[in-house]
4 protein chains.
Amino acid sequence: MSGNVRSATLLLSCTDQRGLVSRIAHFLFERGGNILDLDEHVDTDDGLFFIRVTWDTHQLTIPIASLAEAFTPLAKEFGAQWTIRLSDARHRVALFVSKYDHCLQEILWRHSIGEFDADIALVVSNHPDLRYLAERHGMPFHVFPITAQNKAEQEGKELALLKEQRIDTVVLARYMQVLSKGFIDAYPNRIINIHHSFLPAFSGSNPYKQACERGVKMIGATSHYVTEVLDDGPIIEQDIARISHRDRLNDVIRKGRDLERLVLARAVRFHLEDRVLVRGRKTIVFD
Amino acid sequence: MSGNVRSATLLLSCTDQRGLVSRIAHFLFERGGNILDLDEHVDTDDGLFFIRVTWDTHQLTIPIASLAEAFTPLAKEFGAQWTIRLSDARHRVALFVSKYDHCLQEILWRHSIGEFDADIALVVSNHPDLRYLAERHGMPFHVFPITAQNKAEQEGKELALLKEQRIDTVVLARYMQVLSKGFIDAYPNRIINIHHSFLPAFSGSNPYKQACERGVKMIGATSHYVTEVLDDGPIIEQDIARISHRDRLNDVIRKGRDLERLVLARAVRFHLEDRVLVRGRKTIVFD
Amino acid sequence: MSGNVRSATLLLSCTDQRGLVSRIAHFLFERGGNILDLDEHVDTDDGLFFIRVTWDTHQLTIPIASLAEAFTPLAKEFGAQWTIRLSDARHRVALFVSKYDHCLQEILWRHSIGEFDADIALVVSNHPDLRYLAERHGMPFHVFPITAQNKAEQEGKELALLKEQRIDTVVLARYMQVLSKGFIDAYPNRIINIHHSFLPAFSGSNPYKQACERGVKMIGATSHYVTEVLDDGPIIEQDIARISHRDRLNDVIRKGRDLERLVLARAVRFHLEDRVLVRGRKTIVFD
Amino acid sequence: MSGNVRSATLLLSCTDQRGLVSRIAHFLFERGGNILDLDEHVDTDDGLFFIRVTWDTHQLTIPIASLAEAFTPLAKEFGAQWTIRLSDARHRVALFVSKYDHCLQEILWRHSIGEFDADIALVVSNHPDLRYLAERHGMPFHVFPITAQNKAEQEGKELALLKEQRIDTVVLARYMQVLSKGFIDAYPNRIINIHHSFLPAFSGSNPYKQACERGVKMIGATSHYVTEVLDDGPIIEQDIARISHRDRLNDVIRKGRDLERLVLARAVRFHLEDRVLVRGRKTIVFD
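The model shown is predicted, which means the values in this text are computed figures rather than measured ones.

Rules and cut-offs
- Residues numbered from 1 in each chain as written.
- Chains lettered and ligands numbered in written order.
- Predicted model: local features only at pLDDT ≥ 70, side-chain atom pairs only at ≥ 80, totals over all residues.
- Domains from an automatic or database assignment.
- Contact = placed C-beta atoms within 7 Å.
- Helix = DSSP H or I, 4+ residues; strand = E, 2+ residues; numbered from the N terminus.
- Least-squares fit on C-alpha atoms with pLDDT ≥ 70 in both.
- Nonpolar A, V, L, I, M, F, W, Y, C, P; charged D, E, K, R; others polar.
- Expected span 1.5 Å × (residues − 1).
- Buried ≥ 20, exposed ≤ 12 C-beta atoms within 10 Å, placed from the backbone.
- Pairing = 2+ DSSP bridges.
- Right-handed = clockwise from strand over helix to strand, strands pointing away.
- Axes fitted to C-alpha atoms, helices over the stretch in contact; angles between N-to-C directions.
- Left-handed = near helix turned anticlockwise from the far one by under 90°.

Participant: What am I meant to see in the domain arrangement of chain A here?
Facilitator: In many analyses, interface size is given as the accessible surface area lost on bringing the parts together. Residues and elements named next belong to chain A. Here chain A is partitioned into domain 1 (7-86) and domain 2 (91-285). Placing the centre of domain 1 and that of domain 2 at their C-alpha centroids yields a distance of 31 Å. Taken residue by residue, the interface counts eight residues in domain 1 and five residues in domain 2. Elements with a minimum of two residues in the side of domain 1 that touches domain 2: strand S1 (7-15) and strand S3 (48-56).

Participant: Help me understand the relation of the copies chain A and chain C in this model?
Facilitator: What relates the two chain copies is a rotation about an axis together with a slide along it. The two copies are related by a screw operation: chain A maps onto chain C through 180° of rotation and 0.0 Å of translation along the axis, at an RMSD of 0.0 Å. This pairing of chains is accounted for by a two-fold axis. No C-alpha of chain A approaches the rotation axis more nearly than that of Ala201(A), which lies at 2.3 Å. When the interface residues of chain A are mapped onto chain C, 100% of them are again interface residues, pointing to one common binding face.

Participant: Honestly, the relation of the copies chain D and chain B in this entry has me stumped. Any pointers?
Facilitator: With an RMSD of 0.0 Å, chain D superimposes on chain B once it is rotated by 180° and translated 0.0 Å along the axis. Mapped onto chain B, 100% of the interface residues of chain D are again interface residues, and the two copies thus contact each other with one and the same surface.

Participant: Sorry, what's going on with the interface of chain D and chain B here?
Facilitator: Taken together, the contacts link 23 residues of chain D with 23 residues of chain B. The residue makeup of the side of chain D that touches chain B, split by class, is 10 nonpolar, five polar and eight charged.

Participant: Even after reading the chapter, I still don't get helix H8 (residues 249-272) of chain D, so can you show me in this structure?
Facilitator: Owing to its 3.6 residues per turn, the α-helix aligns residues three or four sequence positions apart on the same side. Along its 24 residues, H8(D) runs 34 Å from first to last C-alpha, staying within 8% of the 34 Å computed at 1.5 Å per residue. Asp274(D) sits one or two residues past H8(D) and shows a positive phi near 55°.

Participant: Explain the pairing of strand S5 (residues 91-97) of chain D to me, please; I cannot follow it from the model alone.
Facilitator: Along any regular strand the residues' side chains alternate between the sheet's two faces. All names here are of chain D. Most of S5 is tucked away: six of the seven residues are buried. Note: S5 against strand S6 (residues 118-125), seven bridges, orientation parallel. Paired with phenylalanine 96 across the strands is valine 124, a residue of S6. Following the backbone out of S5, through helix H3 (residues 102-112) and into the adjacent parallel S6, one traces a crossover that is right-handed.

Participant: Just checking my understanding: could you explain the interface of chain A and chain C for this structure?
Facilitator: Each partner contributes to the interface: chain A provides 23 residues, whereas chain C provides 23 residues. Looking at the side of chain A that touches chain C, the elements that each hand over two or more residues are strand S11 (235-242) and strand S13 (282-285) of chain A. Taken together, the residues of the side of chain A that touches chain C break down into 10 nonpolar, five polar and eight charged.

Participant: Before we go on, may I ask you to explain the packing of helix H1 (residues 20-30) of chain C against helix H1 (residues 20-30) of chain D in this structure?
Facilitator: Pairs of packed helices are described in terms of their axes, by the angle between the two and the distance that separates them. Axis separation between H1(C) and H1(D) bottoms out at 8 Å; the angle between their running directions is 145°. For the crossing formed where H1(C) meets H1(D), the hand is left-handed. Two secondary-structure elements touch here, H1(C) through Val21(C), Ser22(C), Ala25(C), His26(C) and Phe29(C) and H1(D) through Val21(D), Ser22(D), Ala25(D), His26(D) and Phe29(D). Class assignment of the residues belonging to the contact of H1(C) with H1(D) gives a composition of six nonpolar, four polar and no charged.

Participant: Which parts of the structure should I look at to understand the environment of Phe27(B)?
Facilitator: Mapped onto the fold, Phe27(B) is located in helix H1 (residues 20-30). A C-alpha to C-alpha distance of 41 Å links Phe27(B) and Leu179(B), two positions 152 residues apart in sequence.

Right, dumping it as structure tokens:
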């Protein structure tokens, strides 16, 4: 998907009912939209309908800005949860980091070569260590040291900054702090974390050490939306790498870094391209 | 997709034009069809449109047998290549084998546990060796020994048998004969082969030996539709396995057997579930 | 490794100390053994030494049967745990199954084409369902129905049968009963199980259902030695397969069958070729 | 393998003969070396012996600098090709690049966090574009523009620079020039290239375009030593990624970048840790 085609994307979920695809496609056809990509899924167990449609907006017969308004009556009739996003309206992202550089480095580099069709607006950290890396990419870097005492206060400041910067997506690129419920509630299914294990195995701290002690033959990384329960939110993407008895903890950490970088980058791309719908503890990823 | 839901599947490709999804979905909606699964792809480079739609036929308001006829005018208008297949109208398959048992064994076993929603009607071989395996599964086994002299004649008999048995799909489960143009023309994009390399590398004979001599670090298997040019038809599925210097030719063959079995089985399933559209030398696989 | 080379394999672990490789290699050299394969690992964290050596025995200058006796003084000096197995002395294996056929089918087929350099002597089941499959391969099939009441008694009979048949390795090919401590103690690190999850995730019952409910993007299979604690023994081999929201429970089970077959077969081969050393909850697999 | 353990590594190949492991291990034992890692391979088809041994040098009873000299008589007797490298004697590496940044960026970043136990001494390019990236890591950057007319002359200057800087390994991190025979002969099996295909498929130019046109379902990357014949040298490492009809050329290039980075980094690490032995067109990689 490139920035030079003006397009719009609908993400929608509702109870399944007859004629949904027909009526959505007809809605677009009537208004001069040409469908570029349509992916649809019916969960027949639960009777649920999920769809992602992207269409070319060049020959729209209504003002592009009024698309969402025009679609609202239909969506209401369906009882749907939905968003329409224009390709011009790029997501605005904040990256949260601590001391590890590999995920930040990866996301900033990919951003610099145009892999993400989004604006990364700023980097937040509880430590000053990675300032050089943010600045190398011309990215504002904000330090909010966190202690048990000041956590609520600092998170309040962070939220104010995010609001001021119109951030819609937060990426925890190995941010070593647990966010409070209040923070999470401000960004439901819009905070993306990378956990360095094949969840639900080895949740919590030191997953590589846990993996070595258990003697698994593969390690994993999991990117998920953050919810109140630690390492328990809807999974967006996972991957694994093979290890052997020859790999000491340091080797496992090295192999894991590569996993973390790639898995987080894929999850972020899926999210920024509006490919992810959340349903309870699960995601539908239209990749 | 299971056999207890009566459904129908449309596979269609044509030049891209506005309103295609809308009109196809509307056609089904008007006739009481409920879409279960829709996957659509536009090749914007070539301006081509591909779609696969499966819908529930329980509440159809027209006779199910007349679906294709009813759809014909629309398809003509689109200038489309298309098929509609009812879930009751199971594909009829012939397996072609020589002496290796692993692919035949795999396909017959999967068939026996219901993985393929199709009828495997018979096994053809140029050698008698695998008769026991076909008969173990209650499958008719026909031997047509092939020599340079009798090839045309034997293929003629094979085609007559396939026609008599209303076979629509031929699976070459390590059949060690090159089919003639005449045979291939009788089943365009309906003869599935498994080649034991990561095509286009190591086409032709002895690919594992070639792989060992080249010193590759991975071997592959490729399932493709058969065309006149050897090992050159549209690829349906591929996979690879890691090898090392410790693997002698016998080890490579052993690892390769597992690849061949799995890749062929996946390709056959995609084909039998009408998930494959061919466009020139390529396939679109709606998996 | 093929059956036509007479060879012997030493598996040994002990506290690390200087000169171990030199003295073991010298022991073989002095007695006319030619090393074909040597793999050695030092766990520098714990100060432990692990080695697997295979040597050609054709030009041995001592009777092959006396190799173990000749090595005993050295092993005692090292304080080692060790085995020497001659390639003639094939492992004797019992397969335990219940109602699922895929793992049994896979192991018997691989055995039939010579993939395992071992004798599979018999099949034990708590149900009569798979008798046809064992008999198809000319394999004795013994049914021991298990109830809460008769479990101890039936396991006693099973153990007597295994002893009578000189079985040294038990493969649980989807055997749906938990073995008692007494049974496990009779075969320490010689009972191989296949669990249909990426352990330690989803231990216990219905792992595929658990995986679907958690919304993971990959499923796994794990083959491990059986210990007293369920699904907790030393892991020999694992692998994974990708799933998506399109995969319903039945699809996950289908993909999982392929994983289970391959992972169990690999673990069994590693064990039968004396490639596995156990250290606490972990294995060293010299593959 | 870390820099704080002083150790030495022997890489050796010769015709197989009895007693090789014993005599090598004994040589080390006698001189107070404690073996940390030993990997050995016999190619029984060709009667060849390959070994890699790493040992702790803290309690050596001879001067560490005289190890190679002391080993020479034994090596001569074996008729071996061999090297002994002390962990202090780090490889010295030159990176060659053109305009693509991803491989350079990856190697420099990994170097910066200590993944390579080596000195990257300088970057050579035929274009000035990536100067900023080299300088960001404090790395000298030398531009040698290449034309058909000046190629021999410029390569001569490059070789002089490499010699002056005592470079032993050249890494072509997407260097878009074919090196001449003279240059290659100066670094036999010490120039590492990354080719963006699963060799031998799609050698030559535009492999991703070739892959798209052929309709493969997976793309690959191959890292190999450079020989006179383009894309034909001994393969060190390969890997693949899945693609589908949804991936346009740009997507394939994006997925390929990740492959190239990881495969090249792995190959470089294997080489710098003295894990690679070359035999004809193949490598033995003791990983």
